[in-house]
Structures are given as structure tokens and as C-alpha cells.
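# Residue-level structural notes
Now for the letters of each chain:
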Amino acid sequence: MSSETDGTADDAGPLARWARNAIHNPRRVYRALFYVAMAFFMVTTVFPFYWLLVLAVTPQGNLLSGSFLPTVDLFGVSGTFPLPVPKGFNPTAFVTVFEQVPFHLYVLNSFVLAATTTVIVLVVASLAGYVFGRIEFPGRALLMLGILAISYFPPAAFVIPLFRAFAGNAPITIPFIGVPLFTPPRLLNTPGSMVMPFSALFLPLSIFILTTFYGQIPDGLEDAARVEGTTRLGALFRVIVPLSAPGVATAGVLTFISVYNEYFFSSIMATSPEASKWSPIVGGILSYQTQYTTQYNLMAAASVVGVIPVVVLVIIAQERIVSGLTAGALKE
């Protein structure tokens, strides 16, 4: 009987044999999935950063001459190397990016814009998260769904109305009626034209995260603070927010990184030379491109320099991000 079973197993196809081995040894499946995920990560995340390094250290005159994939001879067999390599070596590009333009000011501007937006988002999201997480009122689920639905709209859908509003040339009118309400101030080419859209775009996710955390705080802790004479607002910032530190940190770090890396509104709302005083990293990178020339090596070097602070922040805060995203997964 055993020989017949072995004979049937040997006659099975490769897919059937792989499925049978996966059932008896699931570790092989987990290992294979790990390698597939790692390969996908390397191609989609690490390779673009490697490509930027290759462009950054390649002299400007060699960028458009020939291929970055060299031909190698191995044991008498000629073939193409699968990864691009620099055509020359010019590390001074990382110094030139600061000499040609004040790139450090662009990095500082991005930090200021990201920090300002993060503070606004955390304050508003804390108030909204307290309302949605701890107060029962009719239509709460529907209103929360509407807030989350805003995050699904592409940013391009808001560009034209926001651009017209920030230009300050026409009054804001009531839709479908045309009754003018007020004429907004001119915010185009100012920090406000980016901080306001950033806050609106990244607020729904922070509200959702903080609502989950605030809703898990026992009511007795807040009631004890209320008995001592504090208000709801005082209980929020003295009791609930400290106890929800992982969620607050997660929302803050995710907002900061998203705003720091934002490209769309940064490239549209800063369209004049007068905005160079507060333009973020995007403005600094695009400053190496003129009407007639494009310094690709400097743009790549500036991109690498701009990514380094975020990489350091993610390495420092990665445990906090993971703990904040998973702390509310189980209820004890």
C-alpha cells in the first residue's frame, strides 16, 4: 500500500508535489514568500535610491553618453551587467548642491512646513478623535465615513478651486446660487497655500488613528479627572492624550513624513521667484533645472541629501510607528 502511495506521489505533477510539500513543511512557503517580498522591496524601494546615487556620482558630461549597463567578460563569455554603474566618479556633486543654491534652506523650509502641519493636524485630530471616540451622537458613523472618504479623492481634484481661492482674485460664492460670501486674501506663493492643503489631506488618517486609541481609554479615568474639577478639554490633554502616546506619535510621524515628501502642492503653489524664501525641498531640486539646461547629477544628489533626514527619522521612530499601528489591534 505504501509503495502504491509513493508511486502515485512520484507521478503527480510539479504543482501537486509543491502543494503537498507546502502542507507538510509550511516553513518553506513562509521562506519563499519572504524572499518574494524582499525582492519586491528591493526593486521598488532600494533600486530607485541606488539609481539616484549612480546619477549623483556620474559627471554631468557622461550622463548622456552610452549606457549605464556595462559589458563584462566572465570566463570567456560576454554579457551585460544587470545593474547600472556610474560612468566616472564625481562625489563633489554633494558639495556643489549647497554651493550653487542654498539647499540647506530648502531642507529647513520643509522641516518647518512639516512641523507646522503636524502640530495643526494633531491638535485638530485630537479634538475630533475625542468626539468620535468617546461621545455618542446621532450620525457619528456616517460623519466618520464622510471624513475618511475625503482621503480617497486625488489631490489633483482640489488644485483648480484651491488655486482660484488662494489667488485672491475672485470672491468665494455659494455653490449653485452664486451669492458672494467674501474675497479671500492672496495666499498663493506663501506658506499658507501649502500648510492648509497639507493639513486637510492628512487630517482624516490622523483622526481615524486617534479615534481608535481614544475610544479604548477606560471611562473611569476620565470620570476621575472630571470629579477633580477638570473640564473635558483638560481631561483630553492631561489624561487621554498621554495614555494614547503611541497613537499620537504614530499620527505625528506619519504626517511629518508625508508632508516632508509631498511634491504635488509644493510644485504648484510655489510658482514665482518670490516664493524661494520658503520653498520646500521640491523647489530646491527643481532649481537645478533651467530653461536650457538640466543638471541631472545635481538633482539626483539633492534628492539623496533630502531623503537622508527622513531615513534617519524612520529608523529612530520605526518601533514607535509599528507599536502605534498595532497597539489597538487586540482588546484585552
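Every value quoted in this text rests on a predicted model; they were computed, and no experiment measured them. (Residues numbered from 1 in each chain as written. Predicted model: local features only at pLDDT ≥ 70, side-chain atom pairs only at ≥ 80, totals over all residues. Heavy atoms only, no water.)

Quick look at the side chain of Ser199 now. Residue placement: Ser199 occurs in helix H8 (residues 192–214). Using a relative accessible area of 10% as the deciding quantity, one classes Ser199 as buried. With near-sequence residues (within four places) excluded, Ser199 lies in contact with Thr117, Ile120 and Val121. (Helix = DSSP H or I, 4+ residues; strand = E, 2+ residues; numbered from the N terminus. Buried < 20%, exposed > 50% of the residue type's maximum accessible area, 1.4 Å probe, protein only. Contact = heavy atoms within 4.5 Å.)

This part is about the packing of aromatic side chains. For any pair of aromatic rings, geometry is given as the distance between the ring centres together with the angle between the planes. Following the criterion strictly, the structure yields 11 aromatic pairs and no others. Each ring, one from Phe47 and one from Tyr50, has its centre 6.4 Å from the other, and the planes form 40 degrees; the classification is tilted. With Phe47 and Tyr50 both in helix H3 (residues 26–57) and 3 residues apart, this pair spans about one turn of that helix. For the ring pair Phe98 and Phe103, a centre distance of 6.0 Å and an interplane angle of 75 degrees mean the geometry is edge-to-face. Under the relative-accessibility criterion, Phe98 is labelled partly exposed at 35%. For Phe103, a relative accessible area of 0% corresponds to the buried category. Among the aromatic residues, those joined into a cluster by ring pairs are Phe98, Phe103 and Tyr106. Above the ring of Phe68, the side-chain terminus of Lys87 is found at 4.3 Å from the ring centroid. (Phe/Tyr/Trp six-rings, centres within 6.5 Å; stacked < 30°, edge-to-face > 60°. Lys NZ or Arg CZ within 6 Å of the ring centre and 35° of its normal.)

This part takes up the environment of Thr92. If you trace the backbone, Thr92 turns up in the loop between strand S2 (77–80) and helix H4 (93–100). Between the alpha carbons of Thr92 and Val57 there is a distance of 7.8 Å; along the sequence they are 35 residues apart. A distance of 2.5 Å separates polar atoms of two side chains, one belonging to Thr92 and the other to Asn90. (Polar contact = N/O pair within 3.5 Å; in protein donor to acceptor, adjacent residues only side chain to side chain.)

Close contact between helix H2 (residues 14–24) and H3 brings their axes to 5 Å; oriented N to C, the two are set at 105 degrees. Relative to H3, the element H2 is oriented roughly perpendicular. For the pair H2 and H3, the contacting residues are Trp18, Asn21, Ala22, Ile23 and His24 in the first and Pro26, Arg28 and Val29 in the second. Residue composition of the contact of H2 with H3, by class: 5 nonpolar, 2 polar and 1 charged. (Axes fitted to C-alpha atoms, helices over the stretch in contact; angles between N-to-C directions. Parallel < 35°, antiparallel > 145°, perpendicular 65-115°, else oblique. Nonpolar A, V, L, I, M, F, W, Y, C, P; charged D, E, K, R; others polar.)

Counting residues in hydrophobic clusters, the biggest one holds 38 residues, and the most contacted among them are Phe103 and Tyr288. Contributing elements (two or more residues each) for this core: H3, H4, helix H5 (103–134), helix H7 (159–167), H8, helix H11 (245–260), helix H13 (281–286) and helix H14 (296–326). Per element, the largest residue contribution to this core is 8 residues, and it comes from H14. Apart from residues lying up to four places away in sequence, Phe103 is in contact with Val97, Phe98, Ile281, Gly284, Ile285, Tyr288, Ala302, Val305 and Gly306. Residues Ala125, Tyr214, Ile240 and Val248 belong to the second largest nonpolar core, which totals 20 residues. (Core = buried A, V, L, I, M, F, W, Y, C linked by side-chain atoms within 4.5 Å.)

On the surface, Phe34, Tyr35, Met38, Phe41, Met42, Val43 and Val46 cluster together into a nonpolar patch covering about 670 Å² of accessible area. Mapped onto the elements, Tyr35 comes out in helix H3. (Patch = residues over 30% accessible without salt bridge, like charges linked within 9 Å, V, L, I, M, F, W, Y side chains within 5 Å. Areas by Shrake-Rupley, 256 points an atom, 1.4 Å probe, with all protein chains shown as cover. Salt bridge = Lys/Arg side-chain N within 4 Å of Asp/Glu carboxyl O.)

In this structure the tally under the stated criterion is 4 salt bridges. Residue Arg134 pairs with Asp219 through a salt bridge whose shortest N-O separation is 2.9 Å. Taken together, the residues span a long stretch of sequence, with Arg134 in helix H5 and Asp219 in helix H9 (residues 219–227) at a distance of 85 residues. By relative accessible area, Asp219 is classed as exposed at 51%. Between Glu222 and Arg134 there is a salt bridge, with the nearest N and O atoms lying 2.8 Å from each other.

All right, on to the environment of Tyr260 then. Structurally, Tyr260 can be placed in helix H11. The spacing of Tyr260 and Leu145 is 115 residues in sequence and 27 Å in space, taken between C-alpha atoms. Those residues in contact with Tyr260, other than ones at most four positions away along the chain, are Val107, Ser110, Phe111, Ala114, Ile281, Gly306, Pro309 and Val310.

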